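What follows is each chain in one-letter form.
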Amino acid sequence: EKFREGLTKTRDSFSGKVNDLVARYRKVDEDFFEELEEILIGADVGVNTVMELIDELRMEVKRRNIQDPREVQSVISEKLVEIYQAGDDVSPTINFQQDGLTVVLVVGVNGVGKTTSIGKIAKKLKQEGKSVLLAAGDTFRAGAIDQLEVWGERVGVDVIKQSEGSDPAAVMYDALQAAKARKVDVLLCDTAGRLQNKVNLMKELEKVKRVIEREVPGAPHEVLLVLDATTGQNALSQAKIFSEATNVTGIVLTKLDGTAKGGIVLAIRNEMKIPVKFVGLGEKAEDLQEFNAEQYVYGLFA
Ligand code: GDP
């Protein structure tokens, strides 16, 4: 239900247009495919993914000898799910360690919803019965530490911090020691997100990662990249930059509730080959869902 609600804008726009298209055409011809292509590109599905999808649709329509445009609609949903699920691991869950600490590094540009998402994930994990600790690794942005503490209080988890401007690698070291001493299940690590200075940011990320690797062999077990769905193709270029710098294992796509162009989920998945693990559907602590491609695609048309 929450998922459906969060997708209202995308559903109204994208599905409305598809329904209209299907109602206007009497047979499935080249013009039909061209219009469909435009609708998909307009929904930020991404040019490459759209081309792939249209090719698949053409073949399927031919194979099944579909004449009636209304029958194409269900094939579109099928193909969207197929494209999402193609290829490697699409597991929506965090790679939890069976025994011992799971370290999750959270990266992304300022303003995308990184702090909020960490708070939401912490709440979710706590509800699942896990003990959680937060590391205030964004020592650069004014207010970032306070904001994380507010979330910590709200969801009832401790935050390990130092003062603003301190070395993020030192904060991470403290947090790792605390997590080990307290035997917590999951350590969620915030990081700085100033992209204006790309080289420094990436160097800092590397340094933080090295501390984690040294203190907990095999960690970080997840590197989650937070992307803002309302920034469309910009989110895709951020994904490219971050995955060049570090091994991103999953995406948290925020603000899906705020966009009519939810097709960006498919573009990211298909072009970056990184699974979307969580989606943000609002500002509140409970507005976070594990991503499920079928729920998503069928939710668009339901
Ligand atoms: P950070 O700079 O990346 O840490 O971003 P913040 O966590 O401070 O979030 C920036 C703004 O986006 C805040 O006003 C959040 O309430 C808002 N926000 C974060 N996630 C979502 C979401 O899923 N939906 C909506 N509508 N707003 C969100």
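Here goes a summary of the coordinates provided. Just so it is clear, the structure is predicted and the values come from calculations on it, not from any experiment.

### Topic: the overall build of the chain
Logical step 1: The helix and strand inventory of the chain stands at 12 helices and eight strands.
Logical step 2: Over its C-alpha trace the chain gives a radius of gyration of 21 Å, about what one expects of a compact globule, namely 19 Å for 302 residues.
Logical step 3: When its C-alpha atoms are laid out on the principal axes, the chain stretches across 65 × 35 × 35 Å.
Logical step 4: Considering only contacts within the chain whose residues lie at least 6 apart along the sequence, 75% involve residues at least 24 apart.
Logical step 5: Approximately 13300 Å² of the chain is accessible, and the part contributed by carbon and sulfur atoms is 46%.

### A word on helix 2 (residues 8-24)
Logical step 1: For helix 2, which comprises 17 residues, the first-to-last C-alpha distance of 23 Å matches the rise-based estimate of 24 Å (1.5 Å per residue) to within 8%.
Logical step 2: Within helix 2 the residues assigned to the buried category are Thr 10, Arg 11, Phe 14, Ser 15, Val 18, Leu 21 and Val 22.
Logical step 3: Against the buried residues of helix 2 lie helix 1 (2-6), helix 3 (30-42), helix 5 (69-85) and helix 12 (293-301).

### Structural notes on the packing of helix 2 against helix 5
Logical step 1: Helix 5 packs onto helix 2 with a crossing angle of 150° between their chain directions and a minimal axis gap of 8 Å. By the criterion of interaxial angle, the relationship of helix 2 to helix 5 is roughly antiparallel. Contact residues: helix 2 offers Val 18, Asn 19 and Val 22, while helix 5 offers Pro 69, Arg 70, Gln 73 and Ile 76.
Logical step 2: Residues that form the contact of helix 2 with helix 5 fall into these classes: four nonpolar, two polar and one charged.

### A word on a nonpolar patch on the surface
Logical step 1: Together, Ile 41, Val 47 and Met 51 make up an exposed nonpolar region whose accessible area comes to about 230 Å².
Logical step 2: Structurally, Val 47 is set in helix 4 (residues 47-63).

### A short note on the environment of Asn 200
Logical step 1: The residue Asn 200 is located in helix 9 (residues 198-215) in this model.
Logical step 2: Separated by 137 residues in the primary sequence, Asn 200 and Arg 63 place their C-alpha atoms 53 Å from one another.

### What to know about the packing of aromatic side chains
Logical step 1: Tallied over the entire structure, the rule returns six aromatic pairs.
Logical step 2: A ring pair is formed by Phe 32 and Phe 33, whose centres lie 5.9 Å apart and whose planes are at 80°; its orientation type is edge-to-face.
Logical step 3: With relative accessibility at 5%, the residue Phe 33 sits in the buried group.
Logical step 4: Ring plane angle 55° and centroid distance 5.4 Å describe the contact between Phe 291 and Tyr 296, whose orientation is recorded as tilted.

### A word on the environment of Gly 42
Logical step 1: Within the secondary structure, Gly 42 is located in helix 3.
Logical step 2: Note on Gly 42: relative accessible area 36%, which makes it partly exposed.
Logical step 3: C-alpha of Gly 42 to C-alpha of Ile 274: the two residues are 232 residues apart in sequence and 22 Å apart in space.

### A closer look at the side chain of Ser 15
Logical step 1: With respect to the helices, strands and loops of the structure, Ser 15 is situated in helix 2.
Logical step 2: Residue Ser 15 is classed as buried on the basis of its relative accessible area, which comes to 4%.

### Thoughts on the site of the ligand
Logical step 1: Taken together, 18 residues lie near the ligand, and Gly 111, Lys 114, Thr 115, Thr 116 and Glu 283 sit nearest.
Logical step 2: Here an oxygen atom of the ligand sits 2.9 Å away from a polar atom, N or O, in the main chain of Gly 113.
Logical step 3: Asp 257 is positioned with one of its side-chain polar atoms (N or O) 2.8 Å from a nitrogen atom of the ligand.
Logical step 4: Protein contact buries 80% of the 590 Å² of open area that the ligand shows by itself.
Logical step 5: Ranked by residue count, the leading element in the shell around the ligand is helix 6 (residues 114-127), at four residues.
Logical step 6: The class makeup of the residues in the shell around the ligand is three nonpolar, nine polar and six charged.

### Side note on the packing of helix 3 against helix 4
Logical step 1: Relative to each other, helix 3 and helix 4 sit at 150°, their axes nearing to 10 Å. Two packed elements cross with a definite hand, and for helix 3 against helix 4 that hand is right-handed. Across from Glu 30, Phe 33, Leu 36, Glu 37, Leu 40 and Ile 41 in helix 3, the residues of helix 4 making contact are Val 47, Val 50, Met 51, Leu 53, Ile 54, Leu 57, Arg 58 and Val 61.
Logical step 2: For the contact of helix 3 with helix 4, the per-class residue count stands at 11 nonpolar, no polar and three charged.

### Quick look at the sheet that holds strand 7 (residues 276-280)
Logical step 1: Taken in spatial order, the eight strands line up as 3-2-4-1-5-6-7-8 in an open sheet, and their pairing is mixed. This sheet does not close on itself; its edge strands, each paired only once, are strand 3 (158-160) and strand 8 (288-290). For this sheet, the mean angle separating the axes of adjacent strands, direction not counted, is 25°.

### Describing the environment of Ser 163
Logical step 1: Mapped onto the elements of the fold, Ser 163 is located in the loop between strand 3 and helix 8 (168-182).
Logical step 2: Separated by 18 residues in sequence, Ser 163 and Ile 145 have C-alpha atoms that sit 8.2 Å apart.
Logical step 3: If sequence neighbours within four positions are ignored, Ser 163 has contacts with Thr 139 and Ile 145.

Definitions and cut-offs
- Residues numbered from 1 in each chain as written.
- Predicted model: local features only at pLDDT ≥ 70, side-chain atom pairs only at ≥ 80, totals over all residues.
- Heavy atoms only, no water.
- Helix = DSSP H or I, 4+ residues; strand = E, 2+ residues; numbered from the N terminus.
- Rg over C-alpha atoms; globule rule 2.2 N^0.38 Å.
- Contact = heavy atoms within 4.5 Å.
- Areas by Shrake-Rupley, 256 points an atom, 1.4 Å probe, with all protein chains shown as cover.
- Expected span 1.5 Å × (residues − 1).
- Buried < 20%, exposed > 50% of the residue type's maximum accessible area, 1.4 Å probe, protein only.
- Axes fitted to C-alpha atoms, helices over the stretch in contact; angles between N-to-C directions.
- Parallel < 35°, antiparallel > 145°, perpendicular 65-115°, else oblique.
- Nonpolar A, V, L, I, M, F, W, Y, C, P; charged D, E, K, R; others polar.
- Patch = residues over 30% accessible without salt bridge, like charges linked within 9 Å, V, L, I, M, F, W, Y side chains within 5 Å.
- Salt bridge = Lys/Arg side-chain N within 4 Å of Asp/Glu carboxyl O.
- Phe/Tyr/Trp six-rings, centres within 6.5 Å; stacked < 30°, edge-to-face > 60°.
- Near = heavy atom within 4 Å.
- Polar contact = N/O pair within 3.5 Å; in protein donor to acceptor, adjacent residues only side chain to side chain.
- Left-handed = near helix turned anticlockwise from the far one by under 90°.
- Pairing = 2+ DSSP bridges.

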